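# Breakdown of the fold
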Amino acid sequence: MKTESLKELARDAHLLDSEIVVMRLGVVVDSGLTGQEVARRRELHGWNRMETVQGRPAWRIFLAQFSSLVVGLLGVAAFIAWVTGGRVESLAILAVLMINSLVGFLTEWQAGRALEALRRQAKSVARVRREGSEQAIDAEELVAGDIVVLNPGDRIPADLRVVEAISLRMEESALTGESRAVSKSVTAVSAESLLAERHSMLYLGTAVAAGRAIGIVTATGMETELGRIGKLVAETTDEATPLKVRLDELGRNLVYLVLGIGVTVVFTGWWRGESLLLMLETGISLAVAAVPEGLPAVTTLILALGVLRMARANAIVRHLPAVETLGSATVICTDKTGTLTENRMVVREYRLADGRVISGDNSEAMRVVAPDPLLQSVVETGVLCNEASISSGSVPRPAGAGSGSPSEWIGDPTETALLEVARQRGIDIAALRASNKKIVEEPFDTTTRRMITVHRSVAGDYRACLKGAPSVVLAMCSKAAGNRTGIEAAADLPLSESTRQELLVENDEMAAGALRVLALAEKRSADVISDLETGYTFLGMVGLLDPPRREAAAAIRDAYAAGIRVVMLTGDQINTARAIARELGIEENGRLEARHARDLQNVTGDDLARLAGSVQVFARVSPEDKLRIVEALQQSGEVVAVTGDGVNDAPALKRADIGVAMGQRGTETAKEAADIVLTDDNFATIIRAVEGGRTIYANIIKFVQLMLSENLAEVIFIFASILIGWPLPLLPLQILWVNLLTDIFPALALAVEPPSPDIMKNPPRSARESMLSSRFFVLIFWQGAMLALICLAIYDWALRTYGPGEHARTIALFTLIGVQIGHLFNCRSRTRSAFDGIFRNRYLWLSILMVLGLQITAIYLRPLASVLQTVRIELIDLAVVLGSIFIPIVIVEVVKMFGRIRKLKSGSGRPELKQQ
């Protein structure tokens, strides 16, 4: 078969009868392919493996670290310094750039490996029929047309068309998001069927939950649904983070600022009669003063510290910018299964035939062993009419030990839930089954919608157990069990038509609450039971659910309080998704709107963006649907975080502004595509991470305020000195020394500033908001001018006291560092006092000691002093310099005080996310 014909057959296999698929693939089901035919097909279509898409080479990842405009500006400054003889300055700048680039390179080394994770996940062993016999082979050896034999627990090794199926149910949550086991059959489906509704197909990456089957391979490798998602992941582009966008914008503004400063200084000096060469040197010195040497390195360090803090809070960050990006999220698109729910079925309630309603999973009514014959009969029927079993590697736990993990059980999740609730009640499952030997079994089938088993007890009595859809079971019952307990015991009653209709109404009510409802019935006799279709006694109904995670509802409330929308994207049924969303509180103004994936098929552009912005639940969505919804939200200006754990979530995780994967239940594909992995699978951890991200951005803003106002002070200080006619107050290397000293250590102190108490009560900042708003620019300008005026005053005193030369320059250098230390306290908050919680951050004091210590070393350690051209200063000089630390604090405190008084009088005071 030609490759194109095979692709067409794989695409339409679910629509065709199995006999037609077998005929087109040219194989006999009983004997399978010959070895020669297998070799021919493999030569034509390739191996059943995921292709490794060549990612970016290491050198390109490394060079990408230099793409920032700020980094480019520093590179130009280093080049100019080198060609003009400032070799030390040039090497110092290059060292800063290299350290920053190495850190960024190492953090991104793991990016782009999603397809490799797909390949590792898909590798397994397959049982096939070849040349008339069954044999186990490596799944990579499969070719189209291979006949695969499947049993409970088997992983599907390729995409298969079902040829034979016996009570077959599949676990497909990793691919489709469907939380319940899905029944499969040989019957073809319609062309309108979505991926989760193609019951005639078995897909790579899913597993057999119960039953047995034979399938024929229709697609292998990259042509499978899993491979198609892999291509989608590889083709999905990463979104630039808000922080990168803002830093690039800041870099562009700084380029204009530096060019403007340089040109102004050169022409001003030349106009005043100075030599052009001297003014070019001076212009370069001022450009060096304006360039934020520490911005890339300190931003990286602040993010790295955030990574460490988040790791301690169970969030592993794979890409540094993701730390800040999550703090700016305006929408969280979350998967349901395994993220908001526990990805396991539990018994939520029993509705007994006598009218009682008993809670199921983990309830006291189930754990406490009490004499309740009717409840006992219901639970025992759920154990006997059941194909699931406990794993041979699991150790049975005592009653009341809590819910079992999915790994303890083998079988359909619905049936394992019935075993788990029996174990909670103290029933010895193995003993019950041993004392009631199964002699007949009619397995569950999508046509009959019921399962029947017949058992013989050790006493020789017979017991038929019936389980299935309520409408089917009730039609087979002639009686309803009465209350069989104590003095209120009642005999079994005939099941009237009116009672049957009332029970069906109760079934509808349970189903509307997202419960999967099964009815249970039994028939007992001392003789062999021959009629298995009628005469049963109705015992009750059981409602099962994939339960919401305990902490999810509170986390969603916190998200709404922080101004973050929550949107559920799930492959599950719409009624189930709507009920879970309502239980978790995923509503806006008391309104919950849910849409089926079919509603998205013909919606594009602005219409899709409006839909994505108003709907809280999207059900039955495919990986492409999730991707389109995320892109529509981004086009509307939203900063989108996506959570998930399955293969089907990977494309959206990669495309989102921030992808968050579950670490415990998540597939390797999801983890590789994500920016953050939660080690505890706790949705609440996302909200804590948002708080951490907001705090980090607020601290970056504090650092930018500190850095720009201080660099502006240097520029004004030097430029004003030149205009006045004073000697140059700082040499180029001294300028670089000041910037590195006062930018890095104080910035690290600001990086660990505690968050504002109300940081999660404010809405997210706008994605369109500039880092240098007009108000922020005014703040930086007046504070920079204030610092410059203080320095000018003290430099004037030094010139008059000691005259031009190294002594006056040393005082100017020390003064500039002193006012910047004082300004560090001012930058802790734009509104609160510098003394508010001043001792909560011990690193603040440590950074001050380090800056002062290094500056004293630069004066008294001769080798360093000779490089920086500094001299020892007098005691009076030291007193003046120390006084300069407190002057800016006093001035800014007065301004803040008047600002607070004005806000109190006006009754305003907007929340300030960045003004902690």
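A quick note: this is a predicted structure, and the numbers were derived from the prediction, not measured. (Residues numbered from 1 in each chain as written. Predicted model: local features only at pLDDT ≥ 70, side-chain atom pairs only at ≥ 80, totals over all residues. Heavy atoms only, no water.)

### Some thoughts on the packing of helix H28 (residues 774-802) against helix H32 (residues 875-906)
H32 packs onto H28 with a crossing angle of 155° between their chain directions and a minimal axis gap of 11 Å. By the angle class used here, H28 and H32 are roughly antiparallel. The two elements H28 and H32 cross, and the hand of that crossing is right-handed. Counting all contacts with H28, which are made through Trp782, Gln783, Met786, Leu787, Ile790, Ile794, Trp797 and Tyr802, the residues of H32 involved are Ile876, Asp877, Val880, Ser884, Ile887, Pro888, Ile891, Val892 and Val895. Partitioned by chemical class, the residues of the contact of H28 with H32 number 14 nonpolar, 2 polar and 1 charged. (Axes fitted to C-alpha atoms, helices over the stretch in contact; angles between N-to-C directions. Helix = DSSP H or I, 4+ residues; strand = E, 2+ residues; numbered from the N terminus. Parallel < 35°, antiparallel > 145°, perpendicular 65-115°, else oblique. Left-handed = near helix turned anticlockwise from the far one by under 90°. Contact = heavy atoms within 4.5 Å. Nonpolar A, V, L, I, M, F, W, Y, C, P; charged D, E, K, R; others polar.)

### A look at the packing of aromatic side chains
The tally for this structure, following the rule as stated, stands at 5 aromatic pairs. When the ring of Phe717 is compared with that of Tyr795, the centres are 5.7 Å apart and the planes differ by 90°; the resulting orientation is edge-to-face. Taken together, the positions of Phe717 in helix H26 (residues 683-724) and Tyr795 in helix H28 put the pair 78 residues apart, joining distant regions of the chain. For the pair formed by Phe717 and Tyr795, the shared burial category is buried. A centroid spacing of 6.2 Å and a plane angle of 90° characterise the contact between Trp797 and Tyr802, whose relative ring orientation is edge-to-face. Grouped by ring-pair contacts, the aromatic residues Phe717, Trp726 and Tyr795 constitute a single cluster. (Phe/Tyr/Trp six-rings, centres within 6.5 Å; stacked < 30°, edge-to-face > 60°. Buried < 20%, exposed > 50% of the residue type's maximum accessible area, 1.4 Å probe, protein only.)

### Things to note about the pattern of salt bridges
Working definition: two side chains of opposite charge can pair if their charged atoms are close together. In the structure shown here, the tally under the stated rule is 39 salt bridges. Between Glu506 and Arg351 there is a salt bridge; the shortest N-O distance is 3.7 Å. Highlighted residues: Glu506 in helix H19 (residues 497-512) and Arg351 in strand E10 (residues 346-352), separated in sequence by 155 residues. With relative accessibility at 27%, the residue Glu506 sits in the partly exposed group. Between Glu509 and Arg351 there is a salt bridge, with its nearest N and O atoms 3.7 Å apart. Note that Glu509 is positioned in helix H19 and Arg351 in strand E10, a separation of 158 residues in sequence. Given a relative accessible area of 18%, Arg351 falls into the buried group. What emerges from the salt-bridge pattern is a single network uniting Arg169, Asp412, Glu415 and Lys467. (Salt bridge = Lys/Arg side-chain N within 4 Å of Asp/Glu carboxyl O.)

### What about the pairing of strand E17 (residues 477-480)?
Pairing analysis gives 3 bridges linking E17 to strand E20 (residues 536-545), with the strands arranged parallel. Residue Cys477 lies in a different strand from E20, and its bridge partner there is Tyr536. (Pairing = 2+ DSSP bridges.)

### Notes on the pairing of strand E15 (residues 450-457)
Within a regular strand, side chains alternate between the sheet's two faces. Counted residue by residue, E15 has 7 buried out of 8 residues, so it is predominantly covered. In this structure, E15 lies alongside strand E16 (residues 462-468), joined through 7 bridges in antiparallel fashion. Residue pairing in the sheet places Met451 in a bridge with Lys467 of E16.

### Describing helix H2 (residues 18-25)
Since the α-helix packs 3.6 residues into each turn, any two residues three or four apart lie on the same face. Residues of H2 that are buried: Ser18, Val21, Val22 and Leu25. Viewed end-on, H2 has its buried residues packed into an arc of 100°, placing them on one side of the element. Exposed and oriented more than 90 degrees from the buried face of H2 are Glu19 and Met23. Gly26 sits one or two positions beyond H2 and adopts a positive phi of about 65°. (Arc of directions from axis to C-beta.)

### What to know about the confidence of the model for the protein chain
If pLDDT is low for a region, its predicted coordinates should not be looked at in detail. The pLDDT averaged across the protein chain works out to 81; a share of 80% of its residues lies at or above 70. No element of the protein chain has a lower mean pLDDT than helix H7 (residues 114-122), which averages 41, and none a higher one than E16, which averages 96. The model gives residues 109-123 a pLDDT under 50, and that stretch makes 38 contacts with residues more than four places away or in other chains. Contacts for the low-pLDDT stretch residues 909-916, under 50 throughout, to residues beyond four places or in other chains number 32 contacts. (pLDDT = per-residue confidence, 0-100.)

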